[in-house]
Amino acid sequence: MNRLTTNNRNKTVWPLVMPTWLVLGVFFLLPLGIVFVVSFAQRGAYGELKPVTDFWQHLSSGEFLANYGRSLDPLYLGIGWRSLWIATVTTGLCLLIGYPVAYYIALLARPHRKNLLLALVVVPFWTSFLIRTYAWMLILRTEGLVNTLLLQAGLIGEPLDLLYNEFAVLVGLVYGELPFMVLPIYAALEKLDRSLLEASTDLGAPPWSTFWRVTVPLTMPGIVAGVVLVFIPSLGQFIVSDLLGGSKSILVGNLIQNQFTVARNKPFGAAISFELMAVVLAMLLAYTWYAKRGGGNREI
Amino acid sequence: MHENSVEVRSVTKRFGEVAAVHEVSLRVRRGEFSALLGPSGCGKTTLLRMIAGFETPTNGRIVIHGEDVTDLPPYRRPTNLVFQHYALFPHLTVAENVAFGLRYKQSAAGDRRSAIQQALALVKLTGLETRRPDQLSGGQKQRVALARALVLEPQVLLLDEPLGALDQKLRREMQVELKALQRQLGITFLFVTHDQEEALTMSDRIAVMNAGRVEQAGAAAEVFERPRTRFVAEFMGAANFFNLDAAPFIVRPEKLDLHLHQPSTKASLEVTICERVYQGINTVWIVESARGERFTVCEQNDRPFADESNFQVGRKAFLCWDAKHQVALTEGSSS
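Residues numbered from 1 in each chain as written. Chains lettered and ligands numbered in written order. Predicted model: local features only at pLDDT ≥ 70, side-chain atom pairs only at ≥ 80, totals over all residues.

Looking at the overall build of chain B
- Scanning chain B from terminus to terminus reveals nine helices and 18 strands.
- Principal axes of the C-alpha set define a box for chain B whose edges measure 75 × 45 × 35 Å.
- Here chain B holds 335 residues, and 38% of them are scored as buried. (Helix = DSSP H or I, 4+ residues; strand = E, 2+ residues; numbered from the N terminus. Buried ≥ 20, exposed ≤ 12 C-beta atoms within 10 Å, placed from the backbone.)

This is the structure in structure tokens:
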């Protein structure tokens, strides 16, 4: 079967790859391109796109950048910072909770229990995220599960304000994103050579020292992957802040959603979408640079 | 000044129902090179790991230099272990690997640097400080593992099949080097191996283990020349079992001779020659007695070839030995 010379191979491979390119092109690149173009337009009186009468004047006057300029207004920048803040705190909490969980499953649990524990981490995905977020409303609201239990136990006199604030958004986000932190870290811990941990102990390192000097550096690729997998979706999400955050907590995702629905300002929404995408792309590029720096040995 | 570096007192280790180590008592003498020798699964590695602190005995105590360390974790014991596959930290350089444990010892930065230099010089790796483990050969990795352990000046150095992953030539070199190193440093070395030749080359004392027990322990030459149980005899290559009279005995292959005619001065047995294996330095003969017992004879090839032609496969000959070379066997373990 050595007919796969370079020339031959390209000819053979090309028709196999075409469907993927077609799908990507039509359903991904094309819509992206349309949104990109729309971001330079203006909305009309009834929410449609205002037709551009003078194309060159539209470009030279800088009018085509109107939406991008508007997005720099402190109001919108504030939303941007708040989104970054929420995403960062979510990622931090996921790391603080997720690492110990992954550590327990990989290194401390009995071998026959590992698969069960991993399944338990993944099982929530069998239910739609929307429904799970609604469930949190039932748990956190004034007459909800937590408040009812605490009131009945006599631990509080009045119900706590657990819903429609930043706290609820964080709960919903951390809950939803946690498996994405646990799984890459678990994978990295599984690959860890146990004898390295023994060697560290033998050389005089107490358990915490072994953790910081050996375990963490060697599982760093898993940690970074988990951070990327949690941070980026958190940045752009809108479901949790919509359902659990109330009117006070409007994030970038909600802003974009609003522009495309109630505010009927598709161009402005498009512009903000692209700004968000630019931020995410920059972070992904940073991650790729980090991964390459490891001499191409980062496998996760 | 304790005479014994390591004392294992009636130690048992059970994994579930199975006893990997069964009531083993052992004394490793200070400043000596000792070996735990035995086939896979005999419990030698488990025993070593218990001395290092990675396993806790189910029963019994472990005492190192007079201190009962049974309940101490590895990082509080005066031992260091050289792992079978070296366990070098891949994210650290050679120098950082060697320096790893020094952080837990009180010493000035300058002392640390010179300690690292000395340790690397000891294992002949000066100049490789900035290399990473994946840039080293097997032999070099082994030396780094050694340096990393020795720089901490342990009271007992433990080695888990240290030469297993090396090729023949490198192995022999390292055997000699390790022996010299131990003599130079004067600290107690205890290593685990399944290779009896290696054990003999390096150690002063050997403990032969089988199925979780120590069958025989003593000076290397003693264990080699005078095995006391069937298992030890077989393991040390002396599986020539004679059941002529009441007390069974063995004679080592190199103490046996083949003659055409029955000599008057030596004990002898009539045998048929079954096989002849030329091994360069020696020739090994496999012979069979009338009762069907097989014996192995090992003779150095210093006789001219002309004589050999008399001993052909199928011919009868006389297996001869000096009575003083008979070693009586006792059944059961001894220490």
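Some details on the overall build of chain A
- Looking only at helices and strands, one finds 13 helices and zero strands in chain A.
- Secondary structure of chain A in N-to-C order comes out as α-α-α-α-α-α-α-α-α-α-α-α-α.
- For 300 residues, the compact-globule estimate of 2.2 N^0.38 gives 19 Å, and the C-alpha radius of gyration of chain A, at 25 Å, exceeds that figure by more than 25%.
- C-alpha extents for chain A along the principal axes are approximately 80 × 75 × 35 Å.
- Looking at chain A residue by residue over its 300 residues, the buried ones come to 27%.
- Pairs at least 24 residues apart make up 71% of the contacts formed inside chain A by residues separated by at least 6 positions. (Rg over C-alpha atoms; globule rule 2.2 N^0.38 Å. Contact = placed C-beta atoms within 7 Å.)

Focus: the packing of helix 6 (residues 129-140) of chain A against helix 8 (residues 166-190) of chain A
Residues and elements named next belong to chain A.
- One way to put it is that helix 6 packs onto helix 8 with a least axis distance of 11 Å and a crossing angle of 140°. Viewed along their axes, helix 6 and helix 8 adopt a mutual orientation that is oblique. Crossing angle aside, the handedness with which helix 6 passes helix 8 is right-handed. From helix 6, Phe129, Arg132, Thr133, Trp136 and Leu140 reach across to helix 8, where they touch Ala168, Val171, Gly172 and Gly176. (Axes fitted to C-alpha atoms, helices over the stretch in contact; angles between N-to-C directions. Parallel < 35°, antiparallel > 145°, perpendicular 65-115°, else oblique. Left-handed = near helix turned anticlockwise from the far one by under 90°.)

Some points on the sheet that holds strand 12 (residues 249-250) of chain B
All names here are of chain B.
- Here three strands make up an open sheet; going across it, the order is 11-12-18 and the pairing antiparallel. Each edge of the open sheet is held by one strand with a lone partner, namely strand 11 (241-242) and strand 18 (327-328).
- With two bridges joining them, strand 12 and strand 18 adopt antiparallel strand pairing. Within strand 18, the position partnered with Ile250 by the bridge is Val327. (Pairing = 2+ DSSP bridges.)

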